[in-house]
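Remarks on the overall topology
Residues per chain are reported as follows:
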Amino acid sequence: MRYQLSWSLPILHETMSTSTSSWPSILPAYGILPPEISSVNFVSSVDSSKNSESGDGSKKSIVTAAAMVAPAVVIISIPWRDEKSTGSSSGSGTIIDPDGTILTCAHLLVDAHGRRNTSSGKVDVTLPDGRTFAGTILNADIHSDIGIVKINSKSPLPVAKLGSSHKLRPGDPVVTIGCPLSLHNTVTAGIVSCLDRKSSDIGLGGMPREYIQTDCATNKGNSGGPLVNLDGEVVGVHIMSIHTASGYSFAVPIDSVTKIIEDFKKHGKVVRPWLGLKLIDLSEMIVAHLSEKDEMFPNVKGGALVAVVIPRSPADVAGFCPGDVITEINGQEVRNSSEIASLLEDTIGQPATVTVKRTKDCTVLLTVIAEEAIPDL
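Residues numbered from 1 in each chain as written. Predicted model: local features only at pLDDT ≥ 70, side-chain atom pairs only at ≥ 80, totals over all residues. Heavy atoms only, no water.

Looking at an unreviewed UniProt entry, one finds the protein named PDZ domain-containing protein and attributed to Kalanchoe fedtschenkoi.

Before going further, it helps to spend a moment on the overall build of the protein. Each helix and strand counted, the protein has 6 helices and 21 strands in total. By the burial criterion, 48% of the 377 residues in the protein qualify as buried. Taking all contacts inside the protein whose residues are at least 6 apart in sequence as the whole, residues at least 24 apart take part in 62%. As presented, the protein carries roughly 19000 Å² of accessible surface, and 53% of it is formed by carbon and sulfur atoms. (Helix = DSSP H or I, 4+ residues; strand = E, 2+ residues; numbered from the N terminus. Buried < 20%, exposed > 50% of the residue type's maximum accessible area, 1.4 Å probe, protein only. Contact = heavy atoms within 4.5 Å. Areas by Shrake-Rupley, 256 points an atom, 1.4 Å probe, with all protein chains shown as cover.)

On to the side chain of Thr104, then. Note on placement: Thr104 falls in strand β3 (residues 101-105). You can call Thr104 buried: its relative accessible area is 0%. Looking at Thr104, its side chain comes within polar contact range of the main-chain oxygen of Ser92, at 2.7 Å. Apart from the residues lying within four places of it in its own chain, the contact partners of Thr104 are Ile76, Ser92, Gly93, Leu109, Asp145, Ile146, Gly147, Val149, Gly224 and Val237. (Polar contact = N/O pair within 3.5 Å; in protein donor to acceptor, adjacent residues only side chain to side chain.)

Counted according to the given criterion, the structure contains 9 salt bridges. For Asp324, the salt bridge is made with Arg358, and the minimal N-O distance between the two is 2.7 Å. Separated by 34 residues along the polypeptide, Asp324 in the loop between α5 (314-318) and β17 (325-329) and Arg358 in strand β19 (residues 351-358) bring together distant segments of the chain. (Salt bridge = Lys/Arg side-chain N within 4 Å of Asp/Glu carboxyl O.)

One non-glycine residue with positive phi stands out, namely Ser182, at about 60 degrees. Tracing the sequence through the fold places Ser182 in the loop between β8 (173-178) and β9 (186-198). Under the relative-accessibility criterion, Ser182 is labelled partly exposed at 36%.

Right, let's get into the pairing of β17. In terms of burial, β17 is a largely internal element, 4 of the 5 residues being buried. Sheet analysis places strand β16 (residues 303-309) next to β17, joined by 2 bridges and oriented antiparallel. Considered in β17, the bridge of Ala304 is made with Ile326. In this structure, β17 lies alongside β19, joined through 4 bridges in antiparallel fashion. (Pairing = 2+ DSSP bridges.)

There is a patch of nonpolar side chains on the surface, built from Trp274, Val308 and Ile310 and spanning about 210 Å² of accessible area. On the secondary structure map, Trp274 appears in strand β14 (residues 273-274). (Patch = residues over 30% accessible without salt bridge, like charges linked within 9 Å, V, L, I, M, F, W, Y side chains within 5 Å.)

This brings us to the packing of aromatic side chains. Summed over all chains, the structure comprises 1 aromatic pair. Ring centres 6.5 Å apart and planes at 70 degrees place the aromatic pair Tyr211 and Phe250 in the edge-to-face group. Of this pair, Tyr211 sits in strand β10 (residues 210-214) while Phe250 is found in strand β13 (residues 249-253), placing the two residues 39 residues apart along the sequence. Grouping residues by exposure puts Tyr211 and Phe250 together as buried. (Phe/Tyr/Trp six-rings, centres within 6.5 Å; stacked < 30°, edge-to-face > 60°.)

In this structure, Ile76, Leu103, Val125 and Ile177 are the most contacted members of the largest nonpolar core, which totals 53 residues. The two domains that each donate at least three residues to this core are domain 1 (68-151) and domain 2 (161-200 + 208-267). The residues contacting Leu103, other than those within four sequence positions of it, are Gly93, Thr94, Ile96, Ile146, Gly147, Ile148, Gly224, Val237, Ile254, Val257 and Ile261. Residues Leu277, Val309, Ala318 and Ile326 belong to the second largest nonpolar core, which totals 21 residues. (Core = buried A, V, L, I, M, F, W, Y, C linked by side-chain atoms within 4.5 Å. Domains from an automatic or database assignment.)

Before going further, it helps to spend a moment on the side chain of Arg272. Counting through the fold element by element, Arg272 comes out in the loop between α3 (254-267) and β14. With a relative accessible area of 15%, Arg272 lands in the buried category. Separated by 2.6 Å, the side chains of Arg272 and Asp141 make a polar contact.

For Val192, the location among the structural elements is in strand β9. Given a relative accessible area of 1%, Val192 falls into the buried group. Taking the C-alpha atoms as reference points, Val192 and Asn229, separated by 37 residues in sequence, lie 9.9 Å from one another. Contact partners of Val192, with chain neighbours within four places excluded, come to Leu168, Arg169, Pro170, Gly171, Asp172, Val174, Ile212, Gln213 and Thr214.

Within helix α4 (residues 284-293) the residues assigned to the buried category are Ile286, Val287, His289 and Leu290. Each buried residue of α4 lies within a common arc of 165 degrees when the element is viewed along its axis, so the set occupies one face. Facing away from the buried side of α4 by over 90 degrees, the exposed positions are Glu284 and Glu292. Where α4 is buried, its residues meet β15 (277-282) and β16. (Arc of directions from axis to C-beta.)

Time to look at the environment of Ile78. Looking at the secondary structure, you find Ile78 in strand β1 (residues 73-81). Counting along the chain gives 13 residues from Ile78 to Gly91, while the straight-line C-alpha distance between them is 8.7 Å.

Okay, here's the thing in structure tokens:
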């Protein structure tokens, strides 16, 4: 059931091309994963009371969640001018710090090559109470589609609280707040459809990414706005809809966003390690399937399976082989491929010890020196 708390206006969704994709072949010995194995995380038992009441027993509701976050949701307008006319494009953002830091999407601020959409680096920011500020573009990462704008105010600013996306489960109710058509405080609600929708699943190339998929109604102008749980916490940043698929919208998980913000502060950009591996996350279901097909498959409960090793890459030099299962990096457990990047981020250019499991349950220690990734545009 979807609750929509705004007047419906006919408007085209933000366009995004789609294409079909399939599971990559792992190894001839292991075969290809059957189509019934998907990346959706299913929960065997759900305590429904957790969706309706908070820890202190008070009722949670869409109304309460929206009221907590909506005052911090702003319109971000980008002025533009060409030879014949002038105008502006707009999207949404969320104030996340009393100092005026605003979280939004990068594609509103920069083009596909990372060039700012406004030569001055300035944007117009309008709060729900009508106050207007000149905002400065601080950072924008086109590969994650996350950007930061800063405003200065002499009076207090409303702030939204950041939550944790890893606590979400498929079926959890969520709220999307934004400013489509420059309409403040447009609120729609739905459920989490998938927690780790791969970018390749929806036809996106470039660096692999994962999104929270929901069925919240969104329109052009929602981009950059918050995805909110019933605790009134921001758990994602809305990035896009697919105009050919009504009811699908996608958000960057806030746990990933928090890491990006830390990189912005520390390095002025997002730092990503590169090994030269194509990996597949191992769940218990996938491990069971591969073990059934090949009794030589390593005895593991999870990790990241090496599908491809790029020639002359750091991983190739270190001795990685297709079929290796990465289980530890510098003594820390690896449960999925996304953890590898975070574990290697601070070791770029320095040796790191990687534990891999091979056939016959052989354990091998490999030393690899990660390079900084230069993502394809």
